[in-house]
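# Residue-level structural notes
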Amino acid sequence: MTYSVKAIKEVVLTGHDLTLEELVAVARYDATVRISEEAVQQIVDSRAIVDSIVNSEAVVYGITTGFGSLCRVHISKEDCSQLQENLIRTHSCGFGKPFSRELTRAMMLIRANALVKGYSGIRLETLETLIAMINKGVHPYIPEKGSLGASGDLAPLSHMVLPMLGLGDAEYEGQLLPGKEAMERAGIPVIALQAKEGLALINGTPVLTAVGALALWEGICLLKLSDVAAALSLEAMRGIIDAFDERIHSIRPHKGQLDTARNLRTLLEGSTYVTKQGELRVQDPYSLRCVPQIHGASKDALAFVKEKVDIEINSVTDNPIVLPDGDVISGGNFHGEPMALPFDFLGIGLAEIANVSERRLERLLNNSLSGFPSFLVKHSGLNSGFMITQYAAAALVSENKVLAHPASVDSIPSCENQEDLVSMGAHAARKAGEIVENVRRVVATELLAACQAIDLREEQATLGKGTKAAYDAIRKSNAFIDYDKDIEMFKELEKITGILEDGTLLEAVENAVTMDV
């Protein structure tokens, strides 16, 4: 998956066909961005409608009126530009650590793709400024907290716009600089916003969508890696392969279940570690036997979330909407509810993967369940081996249970009760992102423990085609821990977490076998 995304060098924005893979390519691997020729005229035509409204001094929300509950206040033609700058200055009141470079790039790209559709009334030169910032690496300093996911992500997106005006702060070439200086160093002229433009830039869901979309991408990769971890654990414990027979899954044909069973058969092809039903025991525990059902359910959850993400990253989510026929309609496309619920679901689906991974880890470490030396170390007692890795995994699993509580069921009215039910979609997305980090560490711990257990087996056996590739990649990073005294375990865990995060392990496996999502 990683290598295919790295191959994307340029993304052409039409407003209609941006993919999750392209989003990752721009956010993480610095693919360049340009506006399609067909979209330019749409943008110009939409702007002409806004200019006509301003010149006629018609009363239209957000163009010649104040914002939110101040929509009753008329703004003169002469003040329309100042209204937009004031909007950015006052709304940039976020709090907390800044979003990462890649999340910031994803937000900028999603906003640009929405504006390209030609329903927002922004000037072409303003949109080109935003795209130049992506291509030249000017990344606004955007605090991660402050969005209700209702009138869009107003506070964080305002921070995104500040450097465009020569305000705020931005990272450029590894340095955090005043926004004006960052733009000057990159050779990008700052702008003065005109009517409707500030609102077009900040009223929408790019922040919560970017955070959730990148968490989704990581989750899709982790679901494949969790299949690899389960397969290695199965081999370590001489598990029963019959449970993955296609015939039993075809009569309960959930796609995720079918795909997972197929992945396990593919990964384990040629393995002499696995056993047949009745050879050593009749049944395996659920954490081994029910991997297709458990992992598969999470895959189906993420497939649903991906459908929603694919729609949202190609949608117009600001307000008011400037229609090609000249009508300007104030609606609610900025509301984050359509993504808040899916991102809550994303967190739940991923948390369950860590739950079952930790259970397999416990089986590997528990002498009474596995038959291996306690905690996978020789001379246990003097040495603790992998003992506390299970504690740490259990702590992350427990934390995930708290984080998986849905954010979307909460609401606090805002803006003098004009915005009386909000989505908390940004919270849902950020929680899903935290869950991803925890899941990755738990799966990494299981992978390392499974390889340790395999190396402790005395009998000669052959790993499966896919699991052998995984084992070899892991052993390039982490040697077998045949120690006489305990080691600094966190260093080994950091190494293997790193090859999960950078795609090295998954790439090695997918070079050997074909896996389904």
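Please refer to the structure higher up on the page.
Described in the following lines is the structure provided in the data block. Position numbers for residues start from 1 in each chain and track the written sequence from start to end. Two thresholds apply to this predicted model, a pLDDT of at least 70 for residue-level local features and 80 or more for giving and counting side-chain atom pairs, whereas whole-chain, interface and lining totals are computed over all residues. Excluding hydrogens and water, the side-chain values take into account all heavy atoms of the structure.

### Points about the nonpolar core
What counts is decided by this rule: Only buried residues count toward a nonpolar core. Its members are Ala, Val, Leu, Ile, Met, Phe, Trp, Tyr and Cys residues joined through side-chain atoms within 4.5 Å. Per-residue accessibility, obtained with a 1.4 Å probe over protein chains only, is compared with the maximum for each type, and a residue is labelled buried under 20%, exposed over 50%, and partly exposed between these values. In DSSP terms, a helix is any run of H or I states spanning at least four residues, a strand is any run of E spanning at least two, and both are numbered starting from the N terminus. Note on contacts: a residue pair is in contact if any heavy atoms of the two residues lie within 4.5 Å.
Core analysis: the largest hydrophobic core is formed by 146 residues, its most contacted members being Leu447 and Leu505. With 21 residues, helix 10 (residues 206–236) is the largest single contributor of residues to this core. In this structure, leucine 505 is in contact with Leu225, Leu447, Ala470, Ala473, Ile474, Ile499 and Leu500, ignoring residues within four places of it in sequence. Formed by nine residues, the second largest nonpolar core is a distinct cluster that contains Ile53, Val54, Val60 and Val322.

### Some points on the packing of helix 15 (residues 337–365) against helix 17 (residues 387–403)
Heads up, the rule is: Inter-axis angles, ranging from 0 to 180 degrees, are taken between N-to-C directions of lines fitted to C-alpha atoms, where helices are fitted over the stretch in contact. Here roughly perpendicular refers to angles of 65 to 115 degrees, roughly parallel to angles under 35, roughly antiparallel to angles over 145, and oblique to all remaining angles. Crossing handedness: left-handed means the near helix sits turned counterclockwise from the far one by under a right angle, and right-handed means the same turn made clockwise. Classes in brief: Ala, Val, Leu, Ile, Met, Phe, Trp, Tyr, Cys and Pro nonpolar; Asp, Glu, Lys and Arg charged; the others, Gly included, polar.
Their axes nearest at 9 Å, the elements helix 15 and helix 17 cross at an angle of 160°. Overall, the two elements helix 15 and helix 17 adopt an arrangement that is roughly antiparallel. Crossing hand, helix 15 versus helix 17: left-handed. Within the contact between the two elements, helix 15 uses Ala351, Ala354, Asn355, Glu358, Arg359, Leu361, Glu362 and Leu365 and helix 17 uses Met387, Thr389, Gln390, Ala393, Ala394, Val397, Asn400 and Lys401. Residues belonging to the contact of helix 15 with helix 17 are distributed by class as follows: eight nonpolar, four polar and four charged.

### Details of helix 8 (residues 179–186)
Put simply, the rule is: By construction, the arc corresponds to the directions joining the helix axis to the C-beta atoms.
Every buried residue of helix 8 is accounted for by Gly179, Ala182, Met183 and Ala186. Around the axis of helix 8, the buried residues are gathered within 95° of arc, so they sit on the same side. On its buried face, helix 8 sits against helix 6 (124–136), strand 4 (138–140), strand 6 (169–172) and strand 7 (175–178). Glycine 187 sits one or two positions beyond helix 8 and adopts a positive phi of about 75°.

### Observations concerning the pattern of salt bridges
What counts, and what does not: The salt bridge criterion pairs a side-chain nitrogen of Lys or Arg with a carboxyl oxygen of Asp or Glu, the two atoms within 4 Å.
Tallying each qualifying case throughout the model produces 29 salt bridges. Across the pair arginine 101 and aspartate 30 runs a salt bridge whose closest N-O atoms are separated by 3.0 Å. A residue pair is termed long-range when its members are at least 10 positions apart, and arginine 101 in helix 5 (residues 101–116) and aspartate 30 in the loop between helix 2 (20–29) and strand 2 (32–35) qualify at 71 residues. Owing to a relative accessible area of 37%, arginine 101 belongs among the partly exposed residues under this scheme. Exposure remark for aspartate 30: the relative accessible area of 37% places this residue in the partly exposed category.

### Considering the pairing of strand 6
Definition in use: Being paired, for any two strands, means DSSP has found at least two bridges between them.
Bridge analysis of strand 4 against strand 6 gives three bridges, and the strand direction is antiparallel. Considered in strand 6, the bridge of histidine 139 is made with glutamate 171. Linking strand 6 back to strand 7 in an antiparallel pair, the connection comprises two residues, with glutamate 173 at a positive phi of about 50°.

### Brief notes about the side chain of glutamate 171
Formally: When charges are tallied, Lys and Arg are placed among the positive residues and Asp and Glu among the negative ones, while His and the ends of the chain are skipped. Polar contacts, as used here, are pairs of N or O atoms within 3.5 Å; protein pairs need one atom able to donate a hydrogen and one able to accept it. Residues neighboring in sequence count only if both atoms are side-chain atoms.
In this fold, glutamate 171 is placed in strand 6. No salt bridge is formed by the buried glutamate 171; its nearest oppositely charged neighbour, arginine 101, is found at 4.3 Å. Among the polar contacts listed, one links the side chain of glutamate 171 to the backbone nitrogen of glutamate 173, at a separation of 3.5 Å. Reaching out from glutamate 171, the side chain makes a polar contact with the backbone nitrogen of glycine 174 at a distance of 2.7 Å. If we skip the residues at most four places from it in the chain, glutamate 171 touches Arg101, Gly137, Val138, His139 and Leu176.

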